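Take a look at the letters that make up each chain.
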Amino acid sequence: MAALLSVVLVGLFAWWFQTPWWMLGIYALVAALIAVTVPLMYRLLGYKDYDEALWLHERNVREHTALLERLQSARASLAELDISEGVKQADVLTDILDDYRSVVETRFVGKAFAPVTYLNAARSVQEHVVQNLTDMVAVGHSLSGISRQQGQTDLYQEQQQRLTGLLAENDKLFTALTETAVEVANIRSTSQFERLDTLARLVSLAQTANQTGK
């Protein structure tokens, strides 16, 4: 925008004053230097860090709120279906989401380094856990329907195994989320962040979760 405005002003200056080329060249050079100082001052005066911190905070709040709404809806349905293990996992994820938000706000907001890799991977895994809980609701309704029919033993066991598998997968994802959050909270430098073993595992789980969700 600064460069575009400079070009427009140079054109207006040349048209209005009918200046000689050498004077117009000087004016254009000064305008170019002023345009270059805009992004430099944006960084040097801290506006860039402030805007990035504000963006990170708003993103974290927005995603946190949206995920909590989905989670609370799934928990209510699981409670109605009397799937107690699913309700417990919903409560565990609620605590994990609160811890994650605290880690992000205290560790990264306002800092020059924001680990997008961790932020994206963690959110992908959290969303996958919520999706698993939502799938449990569907399985619970299916089990209720099957239980009212006779001769559906195999189908009932199949759905029970599906429910058990979802619970087991969530437990694995909980471990990765918790361990990575602890390590990220304790790192002292950005170089340490890239070497976190748990981060690599979390990213791998997030990739698997994204592929599963497609």
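Procedures and definitions
- Residues numbered from 1 in each chain as written.
- Predicted model: local features only at pLDDT ≥ 70, side-chain atom pairs only at ≥ 80, totals over all residues.
- Heavy atoms only, no water.
- Helix = DSSP H or I, 4+ residues; strand = E, 2+ residues; numbered from the N terminus.
- Buried < 20%, exposed > 50% of the residue type's maximum accessible area, 1.4 Å probe, protein only.
- Areas by Shrake-Rupley, 256 points an atom, 1.4 Å probe, with all protein chains shown as cover.
- Core = buried A, V, L, I, M, F, W, Y, C linked by side-chain atoms within 4.5 Å.
- Salt bridge = Lys/Arg side-chain N within 4 Å of Asp/Glu carboxyl O.
- Expected span 1.5 Å × (residues − 1).
- Axes fitted to C-alpha atoms, helices over the stretch in contact; angles between N-to-C directions.
- Parallel < 35°, antiparallel > 145°, perpendicular 65-115°, else oblique.
- Left-handed = near helix turned anticlockwise from the far one by under 90°.
- Nonpolar A, V, L, I, M, F, W, Y, C, P; charged D, E, K, R; others polar.
- Contact = heavy atoms within 4.5 Å.

Attention now moves to the overall build of the chain. On a plain count of helices and strands, the chain comes out with eight helices and zero strands. Along the chain, helices and strands appear, N-terminal first, in the series α-α-α-α-α-α-α-α. In the chain, which comprises 214 residues, the proportion classed as buried is 34%. Of the roughly 13200 Å² that the chain leaves accessible, carbon and sulfur atoms contribute 58%.

In this section: the nonpolar core. In this structure, L71, L93, Y118, L133 and L202 are the most contacted members of the largest nonpolar core, which totals 41 residues. Breaking this core down by element, the ones donating at least two residues are α3 (47-80), α4 (84-107), α5 (116-147), α6 (153-186) and α8 (197-213). The greatest single-element share of this core, amounting to 12 residues, is contributed by α5.

Turning to the pattern of salt bridges, a few remarks are in order. Between side chains of opposite charge, a pair can form as their charged atoms come close. Applying the stated criterion across every chain, the model contains four salt bridges. Measuring nitrogen to oxygen at the nearest pair gives 3.0 Å for the salt bridge that ties R123 to E63. Linking R123 in helix α5 with E63 in helix α3, this pair joins segments that are 60 residues apart in sequence. What makes R123 buried here is its relative accessible area of 3%. A salt bridge links D91 to R75; the shortest N-O distance between them is 2.6 Å.

Taking 1.5 Å as the rise per residue, α6 with 34 residues should run 50 Å; its terminal C-alpha atoms sit 50 Å apart, in good agreement. Among all positions in α6, only Q159, L163, L166, L167, N170, L173, F174, A176, L177, T180, A181 and V184 are buried.

Interaxial distance between α5 and α6 falls to 9 Å at its minimum, and their mutual angle equals 160°. Comparing the axis directions of α5 and α6 gives the class roughly antiparallel. The way α5 lies across α6 gives a crossing that is left-handed. Grouping the amino acids of the contact of α5 with α6 by side-chain chemistry returns 19 nonpolar, nine polar and three charged.

On to the side chain of N132, then. Looking at the secondary structure, you find N132 in helix α5. Looking at N132, the relative accessible area reads 3%, which means it is buried. Once you skip the residues sitting within four places of it in the chain, N132 turns out to touch L166, E169, N170 and L173.

The backbone of D82 sits at a positive phi, close to 60°, despite the residue not being glycine. Tracing the backbone shows D82 in the loop between α3 and α4. Residue classification places D82 among the exposed positions, given a relative accessible area of 66%.

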